Amino acid sequence: MDFSSAGYRGGGVKLPSVAAAQRLTPVAGDNTARIQAALDQSTGAVVLAAGEYEIAGTLSITHSGVVLRGERGATIRLTGKPHRFLEIHGAGSWREEGPPSPVLDAYVPAGATTLRVRDAVAFHPGDHVLVLRPVTADWIRFMGMDSVLRDSQPQSWGRPGTVIRTDRVVESVDGDRLTLDAPLSEALDSRFTSASVVRYSFPGRIAEVGVEGLHIAAPFDNVPVADPQCSAVLMDAVQDGWARDLEIRGTQNGIVIGPGAKRLTLANVSVIHSAAYSGLAAPVDFALQGTEILLDRCRVEGEGTWPVVTQAEMTGPLVLLNFTADHGGVAPDQGWATGLLVDGGKFPGGTERRPGLAFTGGVTAGSGHGGGIGWAVAWNVSSPFLLVQQPPGAMNWCIGCIGTPLRSGHTPDGVFDSPGKMVVPASLYLQQLRDRLGPDAAQNVGY
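As the structure is a computational prediction, the values presented were derived from the model and not from experiment. (Residues numbered from 1 in each chain as written. Predicted model: local features only at pLDDT ≥ 70, side-chain atom pairs only at ≥ 80, totals over all residues. Heavy atoms only, no water.)

**Topic: the overall build of the protein**
No. 1: From N to C terminus, the protein includes four helices and 38 strands.
No. 2: Relative to the 2.2 N^0.38 estimate, which gives 22 Å for 447 residues, the radius of gyration of the protein is 21 Å and therefore close to what a compact globule would have.
No. 3: With the C-alpha coordinates of the protein rotated into their principal frame, the extents come out at 65 × 50 × 45 Å.
No. 4: Out of the 447 residues in the protein, the part that is buried amounts to 55%.
No. 5: Intrachain contacts of the protein at a sequence separation of at least 6 include 68% that bridge at least 24 residues.
No. 6: For the protein, the exposed surface amounts to about 17,400 Å²; the carbon and sulfur share of it is 51%.
No. 7: Separation of charge centres in the protein, based on 35 positive and 44 negative side chains, amounts to 2 Å. (Helix = DSSP H or I, 4+ residues; strand = E, 2+ residues; numbered from the N terminus. Rg over C-alpha atoms; globule rule 2.2 N^0.38 Å. Buried < 20%, exposed > 50% of the residue type's maximum accessible area, 1.4 Å probe, protein only. Contact = heavy atoms within 4.5 Å. Areas by Shrake-Rupley, 256 points an atom, 1.4 Å probe, with all protein chains shown as cover. Lys, Arg positive; Asp, Glu negative; His and termini not counted. Charge placed at Lys NZ, Arg CZ, Asp CG, Glu CD.)

Spelled out as structure tokens, the structure:
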């Protein structure tokens, strides 16, 4: 598929430099209330001057046009009870408008931008739509995930009646055919689902928001992942937002992107661990849902975590561009995800148990919930070990990757193309960006 719509404003657009609205300097004791007051009162950037800011509560950005920015040397130190540093979130969720229009195609391939629907006359260019894909018992059975056990107990991996939503915009209407602004990351097979398209509004979703230029330090606490813990940033019910130039130390489950997020860029975000977590279930540094998400030149240092996981019902494009982690790697967790590109990643500490790539077709792992991914691509990735499987009804690719393929013995391998030798172009995402928007698009994102 074309992954190039991942990122702020659909890819290829330079992140803005928002004008300052207020500038704060640190004071002794807890700075939460005064920074929150500035965020609530401002449209523009709330700028934190150099110095250390104790934060004992969670800050929130809840309306459009607000950015929290640190000047060089601005440090956040989390104090008090375990908590999250910052939540960037709107309100509510998608609000469907009118009845869904059934998809008429017997099969719509992953990567397609067009599909046929009944009553297409109800749609117009510019409409925000959801492509609805109900999860059925037949599909779960087809995927072989109807008998997942952990400790002899059945585990959940999607429930019949759950609906996977793909958030798109209508570009054009021609007869009964809709053309969407970005590809679908999942095939729609009428044997296993009854897909449809519906217009929506999302009045509570916010836009043009971000956090940048901060050092964030939390006290290390080696506790189980289910216990209270310090984390860094959550983004949900947000469109066209960003997090950039962040250095985060000591958090568990540090960065969370929720299902209502769309067209986000996370650039130069580093998560650093000074000590390893020892629990059986590892915390996650980047937990990702939403759609059209770009992680650019992000990294994880330290042991004992999963650097990146996709979570249930994530629909791509989701792109990890030049991501590095010295231990662990990228894997799906707690459900089915589609449309991931790992482009130019380096995972030198991957092991057979924790490979740098784990494109699984559906397994019991971590918390015991099945996790699987389809229509995922690894492009010029290096890691000692690479697990790339082919789930039923889907494909995964490993192209130009360096490392030893792992074989499960149960699930077929995905496609290994040019193993051990990197390919040209060096970056699939950047080449697709140039092909779609021209050479300036890659320069706009720093290449």
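**Points about the pattern of salt bridges**
No. 1: According to the stated counting rule, one finds 21 salt bridges in the structure shown.
No. 2: Taken together, the shared-partner salt bridges in this structure form one network comprising Glu52, Glu54 and Arg77. (Salt bridge = Lys/Arg side-chain N within 4 Å of Asp/Glu carboxyl O.)

**Focus: unusual backbone geometry**
No. 1: Of note, the bond from Gly316 into Pro317 is cis; its omega dihedral lies within 30 degrees of zero at 5°.
No. 2: Looking at where Pro317 falls in the secondary structure, it is placed in strand S27 (residues 315–321).
No. 3: With an omega dihedral of 5°, the bond running from Val424 to Pro425 counts as a cis peptide bond.
No. 4: The topology assignment puts Pro425 in the loop between strand S38 (415–417) and helix H3 (428–437).
No. 5: The backbone of Glu208 shows a phi angle near 55°, a positive value even though the residue is not glycine.
No. 6: As for its position among the elements, Glu208 is in strand S18 (residues 206–217).

**A look at the pairing of S27**
No. 1: The buried fraction of S27 amounts to seven of the seven residues, a majority that puts the element mostly inside the structure.
No. 2: Judged from the four bridges that link them, strand S24 (residues 291–296) and S27 form a sheet pairing that is parallel. Among the inter-strand pairings, Asp296 is bridged to a residue of S27, identified as Leu321.
No. 3: Of the pairings in the sheet, the one linking S27 to strand S30 (residues 335–343) comprises five bridges and is parallel in character. Residue pairing across strands places Thr315 opposite Thr338, the latter belonging to S30. (Pairing = 2+ DSSP bridges.)

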